[in-house]
Every structure is written in C-alpha cells, then in structure tokens.
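In case you want the letters, here they are:
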Amino acid sequence: MLKINECAVEWRLVDGEIIALDLASEEYLAVNRTGAALWPLLAAGATEDDLTDQLVRVFDVPAPAASADVATFVAGLRTRGLLTAAQR
C-alpha cells in the first residue's frame, strides 16, 4: 500500500485542487485533475489497484489507460520521495 509521505510534503485541498509543497526541494507541485482525484486516496493509504479503480470511476477511462496513468503518477511521486509504504 502507498501513502503520501507527510514528512516530505505539505499539501491542502483548495477549491477542488491540490496545492502541494515538496519540502526537500521547496518546490510547489503541479497536480492535474487526474492527480487531484488520486491524492486523497494516497493521503489515506491506497494500492495502485485502488488508484486505477478511482480513475476508471471518475473519468470513465479504460482500465489499461488508467493503470498506465497511475504508474506514471506514482513513479513521479516516488522519484521525489513523496510516497511511503503503509500498512492496511
């Protein structure tokens, strides 16, 4: 299970958009609509399958496309050190 690393990023949901600050680089992150749909799940702790299911539900996209988008999004967060493993 994946979870936002609260020690590495400060974030808020403002008017349906995610405002996030990478604390290590002191850079604001641009999170698109897809990322905004996934972020709250990652804040609570979610699997990549959970995230894929969310995109399929919210955006009515085929599961393979949703899975590819999730993999790209998760990889970007991992590269920045913004994800951690979580227990269910």
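Criteria and thresholds
- Residues numbered from 1 in each chain as written.
- Predicted model: local features only at pLDDT ≥ 70, side-chain atom pairs only at ≥ 80, totals over all residues.
- Heavy atoms only, no water.
- Core = buried A, V, L, I, M, F, W, Y, C linked by side-chain atoms within 4.5 Å.
- Buried < 20%, exposed > 50% of the residue type's maximum accessible area, 1.4 Å probe, protein only.
- Helix = DSSP H or I, 4+ residues; strand = E, 2+ residues; numbered from the N terminus.
- Contact = heavy atoms within 4.5 Å.
- Pairing = 2+ DSSP bridges.
- Axes fitted to C-alpha atoms, helices over the stretch in contact; angles between N-to-C directions.

Draft legend 1. Looking closely at the nonpolar core. Trp 39, Leu 42 and Leu 77 are the most contacted members of the largest nonpolar core, which totals 22 residues. Taken together, the elements giving at least two residues each to this core come down to β1 (2-4), β3 (17-22), α1 (33-44), α2 (48-59) and α3 (63-79). Top element by residues in this core is α3. It accounts for five residues. With residues up to four places along the chain from it excluded, the contact list for Leu 77 reads Ile 4, Trp 39, Leu 42, Leu 82 and Leu 83.

Draft legend 2. Just the sheet that holds strand β4 (residues 27-29), in detail. An order of β2-β3-β4 is seen for the three strands of this open sheet, with the pairing classed as antiparallel. Two strands close off the open sheet at either side, each with one partner strand: β2 (9-14) and β4. When the angles between neighbouring strand axes are averaged without regard to direction, this sheet yields 20°. In the sheet, β2 pairs with β3 via six bridges, with the strands oriented antiparallel. Bridging from a neighbouring strand, Trp 11 pairs with Ala 20 of β3.

This is a description of form; function is not addressed.
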